[in-house]
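A look at the structure
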Amino acid sequence: MPKLTPDEHGQFKLPPDFLNRRRLDPSAEYWLDERDGDLILHPRRPDARKLYIEVTTACNLNCVTCIRHSWVDPAAHMRRETFENILKGIPAFPALDQVILTSFGEPLVHPGILEMLEKLKAMNLAITLGTNGFLLTEKMARELVRIGVNQVVFSIDGIQPETYAGVRGAQLADVLANIERLNQVKRQAGAVSPTIGIEFVAIQSNQAELEGLAELATRLGAAKTVVSNVLPYTREMNEEKLYGYEPAPPFKTIGYPVRSDAWVRWGVTELPRMHWGAEQHCKFVNDYSIVVGWDGGVTACYALSHSYKYFTVDGVEKQVNRHTFGNVNQAPLAEIWMSEEFSRYRSEVRAFHFPSCADCDLRETCDLRQNNEACWGYNPSCADCLWAQDIVKCP
């Protein structure tokens, strides 16, 4: 580590070998920051790799696990102008190659969803679509295959019809029939895409059915299954959660075969952590992700993309307020990404410069965390985030 001394003008010069080793362009721009007395340089780089687009906050179902039981946000579709501003911003990110159309709304209710998918695919992006599957008509299935959508992830929170109906208030047979139809359309077209994924939110009332998830995945030809714990928005859902403080054994699942034409391969199952731990890892920030809401507001993750209440791992009711770093209708997406506030936030999250509020001896009397703040570190605080604990997962 070389020793640096400021010159008579108070300036530092970084050694050439340091610049080469870190592949730093001497002409690049940086934000100067400090943390606990240390100087930090945040590069202003358009290095985002993944883009989440919330095309709508509306949905055709009313699931008991849904955030809508906690928020006051409007049910609204993304406007064409907002989507076009997102498209204009994408070429500024040379490493961006994935786009995920899923959030707390149902993308297929948006009247312009097919046009959106077509324009994104024309930009040579890998597209994942998250859906409950009920609006996947034969016509829609054929369009998804024609456009070349890479993956469709279906939310299926029960293997038995009565369990599924208890969570989603709908008929399991209907969504399974739509998935089978999509597979049939793929076979007729000689296509391997979109691949099928399953997301299963585990709670007390459906955890016994996890044993049947592998069999269902094989039947549907799902290449990937993601099991997540619930983020409890209501007291009733807080009683249904399966995770807690104490170490607990993970969910038991097995590998499963997936047939693709003449080939058979093994499906992938992702499981959540079941208890609070020291490891903190933000999937969104560490994957260099951008989340753009229905109104163009830019956030770093799902957790800060809406205003809502939820219950922390120790049962404290927390109010989360939406935190945006800009809006694509007011500034280019790359400028928002490289702004001082957004750059600093990602650095704080990567270092996870937050207290462990869930372990604090003062947690029962602290009112800061109830408003998603902490006594030190960046606010809004990620200290209680269940995504960062890998307790809650997303596709």
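Below: a short report on this structure. Keep in mind that what you see is a predicted model, and the values were worked out from it rather than measured. (Residues numbered from 1 in each chain as written. Predicted model: local features only at pLDDT ≥ 70, side-chain atom pairs only at ≥ 80, totals over all residues. Heavy atoms only, no water.)

Focus: the overall build of the protein chain
The helix and strand tally for the protein chain stands at 11 helices and 15 strands. Taken over the C-alpha trace, the protein chain has a radius of gyration of 22 Å; the compact-globule value for 395 residues is 21 Å, and the two agree within 12%. By residue count, 51% of the 395 residues in the protein chain fall in the buried class. Once local pairs closer than 6 in sequence are excluded, the contacts in the protein chain between residues at least 24 apart make up 71%. (Helix = DSSP H or I, 4+ residues; strand = E, 2+ residues; numbered from the N terminus. Rg over C-alpha atoms; globule rule 2.2 N^0.38 Å. Buried < 20%, exposed > 50% of the residue type's maximum accessible area, 1.4 Å probe, protein only. Contact = heavy atoms within 4.5 Å.)

Here we look at the nonpolar core
Core analysis: the biggest nonpolar cluster contains 111 residues, and Ile53, Leu101, Leu120, Ile156, Tyr308, Tyr345 and Trp387 have the highest contact counts within it. Looking at this core element by element, the count peaks at six residues for helix α6 (residues 172-189). Discounting residues that sit within four places of it in the chain, Trp387 has contacts with Phe104, Leu231, His281, Phe284, Tyr302, Ala303, Tyr308, Val392, Lys393 and Cys394. Membership of the second largest hydrophobic core comes to five residues, among which are Val167, Val201, Ile203 and Met237. (Core = buried A, V, L, I, M, F, W, Y, C linked by side-chain atoms within 4.5 Å.)

Remarks on unusual backbone geometry
A cis amide bond links Ser193 to the next residue, Pro194, at an omega of 5°. Relative to the elements of secondary structure, Pro194 occurs in the loop between α6 and β7 (195-202). Cis geometry is adopted by the peptide bond preceding Pro380, which originates at Asn379 and carries an omega value of 5°. Along the polypeptide, Pro380 turns up in the segment after α11 (340-351).

Focus on the pairing of strand β3 (residues 50-53)
Side-chain alternation along β3 places Lys50 and Tyr52 on one buried face and Leu51 and Ile53 on a second face that is also buried. Note: β3 against strand β4 (residues 98-101), three bridges, orientation parallel. Residue pairing for β4: Leu51 is matched across the bridge by Val99. Viewed along the sheet, the connection from β3 through helix α2 (residues 80-89) into β4 turns out right-handed. Examined bridge by bridge, β3 and strand β12 (residues 289-292) share four bridges and lie parallel to one another. Paired with Ile53 across the strands is Val292, a residue of β12. (Pairing = 2+ DSSP bridges. Right-handed = clockwise from strand over helix to strand, strands pointing away.)

Details of helix α4 (residues 138-147)
Along α4, the positions that sit buried rather than exposed are Met140, Ala141, Leu144, Val145 and Ile147. On the buried face of α4, the contacting elements are α3 (113-121), β5 (126-131), β6 (151-155) and α6. Downstream of α4 by one or two residues, Gly148 has phi in the positive range, about 95°.

Focus on the sheet that holds β6
Taken in spatial order, the nine strands make up an open sheet running β11-β8-β7-β6-β5-β4-β3-β12-β13, and their pairing is mixed. Each edge of the open sheet is held by one strand with a lone partner, namely β11 (268-270) and β13 (298-299). Bridging between β4 and β5 involves four bridges; their strand directions are parallel. Across the sheet, residue Gln98 finds its bridge partner in β5, namely Ala126.

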